[in-house]
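# Report on the structure
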Amino acid sequence: MSKNTVSDRFRKVDVDEYDENKFVDEEEGGENQLGPDEAEVDSLIRQGNLMGALQAVLKNPPINTKNQNVKDRAEGLVLKVLSSFKSTDIEKGVQSLDKNGVDLLMKYIYKGFEQPSENNSAVLLQWHEKALSAGGVGCIVRVLTARKTV
Amino acid sequence: MSYHSFLLEPISCHAWNKDRTQIALCPNNHEVHIYKKDGSNWNKIHVLKEHNGQVTGIDWAPESNRIVTCGTDRNAYVWTLKGDAWKPTLVILRINRAARCVKWSPKENKFAVGSGSRLISVCYFEQDNDWWVCKHIKKPIRSTILCLDWHPNNVLLAAGSCDFKCRIFSAYIKEVEEKPAPTAWGSKMPFGEVMFESTGTSGWVHGVCFSDSGNRVAWASHDSTVAVAEGGKTAVCASLTSETLPLLCVTFITENSLVAAGHDCYPVLFVYDSNKAALSFGGKLDVPKQSAQKGMTARERFQNLDKKATADSKEAVLESVHKNSISQISILNGGKAQCAKFCTTGMDGGMAIWDVKTLESAMKDLKIV
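No experiment lies behind these values; they were computed from the predicted model shown.

This part is about the overall build of chain A. Across its full length, chain A holds six helices and zero strands. Secondary structure elements of chain A occur, N-terminal to C-terminal, as α-α-α-α-α-α. For chain A, the C-alpha radius of gyration of 20 Å lies well beyond 15 Å, the compact-globule estimate for 150 residues. Reported as C-alpha extents along the three principal axes, the dimensions of chain A are approximately 70 × 30 × 30 Å. For chain A, contacts bridging at least 24 residues in sequence account for 75% of all contacts bridging at least 6.

Take a look at the structure:
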């Protein structure tokens, strides 16, 4: 007979941690990744050069780093740029990106969906529609299967 | 181009005999059914019942006329035709998870089985004991092996795995063959040696294929990409991200062209340019159905708007030949160098045979180099 039948703390043990064949992703040095340059992006937004701001904010994505702050800061910056676009310019913005750019943009869009708020959902959905027509469902599949995300 | 619907359930795997008159397939259960072509009909002539779990891989050796099957019951059987019936011989694979794919080597003296035990079993027949024996390739595989393909030299084996990598291993068995000559992938080939490991694509590798010369290997992975690597002093990789759903199977039809198919239910052509080391999209290989364009009445328009929030008259019906994902593609005529016909089977229980010449003339921009 088991002694302690009241406590169910054992259910919270993560057994996968103790699996000797557990799959661990390869470490790729990402400690130097700082994400997009905040100052550069801000100045481009102030100047009204939204296309340039979009290109700048998609540079240096913090994909390999484990630092959550860097990732959050990058996401915030991207959302700022995406919200400052006029609805009619969104399509042009997406066209100015190459294939990898569209994939990266889609990653940021889904990251933004994870924390819906009053302001950003509508904007993100508009961007999502345009990015989908440029990148196709393959682009979304790549967001879902990527091991290293923004 | 012809389509035959065998079943209502998915065809798990299939294999053709040497003269392409018989097809062995698994109707998503523990059995293997062999159908024979009779005019335009297909008649079931044999049912092979031995597995205790779903049959996940079938391969039919053209010269020696033996069938090897593997299943989720962790076993593989080699079937030989004795008179009018197929007799099984059990092969102990020493795996503790399901077997996923099986392929005869080009000389048919070995076969390889990929499994969920994170290893590949290379089996060969030992004459003294009258028994199939297997050797394991374990390192550095870290997850299930989903697909295999042999190099024409009978020694190198390409394996696609769920640990996001496509690798080329040496499966040299000294008991059954001579030391192989150097290839584009390397010259020292002891058993289990990794000759090539892919980088750059993420996503499970669903399908892998060597070209006819063996100098190129192509793989399709779950992140909707196709990649080709060319052996050499340093292997050159070219990959292409596609805008479609992931592809499940890929095969070379000439040295420079690949056909792949997957969850989008139609085969797609890709062309590899070795000078630029670049892969490009060649075209969609499905025969377009001419749907009758009928005008919409105002009533229909309002109904659509009410039900589907769109005034579109497009119906939600797949226009492709296959009505569900295509899971396997096999070459019928011409080999991987000059394929004239290939066959696809899928989750809709149907099998389609595609004629390359007809496709080339039907699609204007298609060019198969």
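Once the structure has been displayed, the description carries forward.
This part is about the interface of chain B and chain A. Accessible area lost during the coming together of the parts is what is often quoted as the interface size. Counting from both sides, the interface comprises 17 residues of chain B and, opposite them, 16 residues of chain A. Interface area, chain B with chain A, both sides summed: about 1,300 Å², of which 53% is carbon and sulfur. It is Arg142(B), Thr241(B) and Glu243(B) in chain B that bury the most area against chain A; as a group they hold 41% of the surface buried on that side. The interface formed by chain B and chain A holds zero salt bridges in total. In this structure, the connection of chain B to chain A is made through six residue pairs in polar contact (both at pLDDT 80 or more). Residue classes in the side of chain B that touches chain A are distributed as four nonpolar, seven polar and six charged.

Okay, the UniProt feature "repeat: WD" (unreviewed entry) in chain B next. The UniProt feature table records "repeat: WD" (unreviewed entry) at residues 48-82 of chain B. Between the end C-alpha atoms of residues 48-82 of chain B the distance is 13 Å, and the span holds 0% helix and 60% strand.

All names here are of chain A. Close contact between helix H1 (residues 38-47) and helix H2 (residues 50-57) brings their axes to 8 Å; oriented N to C, the two are set at 165°. Considered as vectors, H1 and H2 are oriented roughly antiparallel to each other. The hand of the H1/H2 crossing is left-handed. Contact residues: H1 offers Glu40, Val41, Leu44 and Ile45, while H2 offers Gly52, Ala53, Ala56 and Val57. Per-class residue counts for the contact of H1 with H2 are six nonpolar, one polar and one charged.

Further remarks concern the pattern of salt bridges. Residues and elements named next belong to chain B. Tallied over the entire structure, the rule returns 15 salt bridges over all chains. As a salt-bridge pair, lysine 336 and aspartate 149 come within 3.0 Å of each other at their nearest N and O atoms. Taken together, the residues span a long stretch of sequence, with lysine 336 in the loop between strand S26 (326-333) and strand S27 (341-346) and aspartate 149 in strand S14 (residues 145-150) at a distance of 187 residues. Taking the shortest distance from any N to any O, the salt bridge between arginine 167 and aspartate 163 comes out at 3.0 Å. Residues arginine 167 and aspartate 163 agree in their burial class; the two are buried. Several salt bridges converge on common partners, so that one network encompasses Lys103, Asp149 and Lys336.

Residue and element names in this part refer to chain B. Within the secondary structure, histidine 206 sits in strand S18 (residues 205-210). Owing to a relative accessible area of 17%, histidine 206 belongs among the buried residues under this scheme. Between the C-alpha atoms of histidine 206 and glycine 160, which are 46 residues apart in sequence, the distance is 6.5 Å. The contacts of histidine 206, once residues within four sequence positions are left out, are Leu146, Cys147, Ala220, Ser221, His222, Leu247 and Leu248.

Time to look at a nonpolar patch on the surface. Nonpolar side chains collect at one region of the surface, where Phe10(A), Val13(A), Val15(A) and Tyr18(A) lie side by side and expose about 490 Å² of accessible area between them. Judged by its relative accessible area of 58%, Val15(A) is exposed.

As a further point, take the pairing of strand S3 (residues 22-25) of chain B. Residue and element names in this part refer to chain B. Burial along S3 is two-sided: the face carrying Gln22 and Ala24 and the face carrying Ile23 and Leu25 are both buried. Relative to S3, strand S2 (residues 14-16) runs antiparallel, the two sharing three bridges. Paired with alanine 15 across the strands is alanine 24, a residue of S3. Counted between consecutive antiparallel strands, the loop separating S2 from S3 contains five residues, among which arginine 20 sits at a positive phi close to 60°. For S3 and strand S4 (residues 31-38), the ladder comprises four bridges, and the chain directions are antiparallel. Looking at the pairing, leucine 25 lines up with histidine 33 of S4. Remark: five residues form the turn of the hairpin made by S3 and S4, two consecutive strands paired antiparallel; asparagine 28 in that turn has positive phi of roughly 60°.

Here is what the cut-offs are and how they apply
Residues numbered from 1 in each chain as written. Chains lettered and ligands numbered in written order. Predicted model: local features only at pLDDT ≥ 70, side-chain atom pairs only at ≥ 80, totals over all residues. Heavy atoms only, no water. Helix = DSSP H or I, 4+ residues; strand = E, 2+ residues; numbered from the N terminus. Rg over C-alpha atoms; globule rule 2.2 N^0.38 Å. Contact = heavy atoms within 4.5 Å. Buried area = accessible area lost by both parts, 1.4 Å probe. Salt bridge = Lys/Arg side-chain N within 4 Å of Asp/Glu carboxyl O. Polar contact = N/O pair within 3.5 Å; in protein donor to acceptor, adjacent residues only side chain to side chain. Nonpolar A, V, L, I, M, F, W, Y, C, P; charged D, E, K, R; others polar. UniProt positions renumbered as here; feature names shortened; annotations may be inferred. Axes fitted to C-alpha atoms, helices over the stretch in contact; angles between N-to-C directions. Parallel < 35°, antiparallel > 145°, perpendicular 65-115°, else oblique. Left-handed = near helix turned anticlockwise from the far one by under 90°. Buried < 20%, exposed > 50% of the residue type's maximum accessible area, 1.4 Å probe, protein only. Patch = residues over 30% accessible without salt bridge, like charges linked within 9 Å, V, L, I, M, F, W, Y side chains within 5 Å. Areas by Shrake-Rupley, 256 points an atom, 1.4 Å probe, with all protein chains shown as cover. Pairing = 2+ DSSP bridges.

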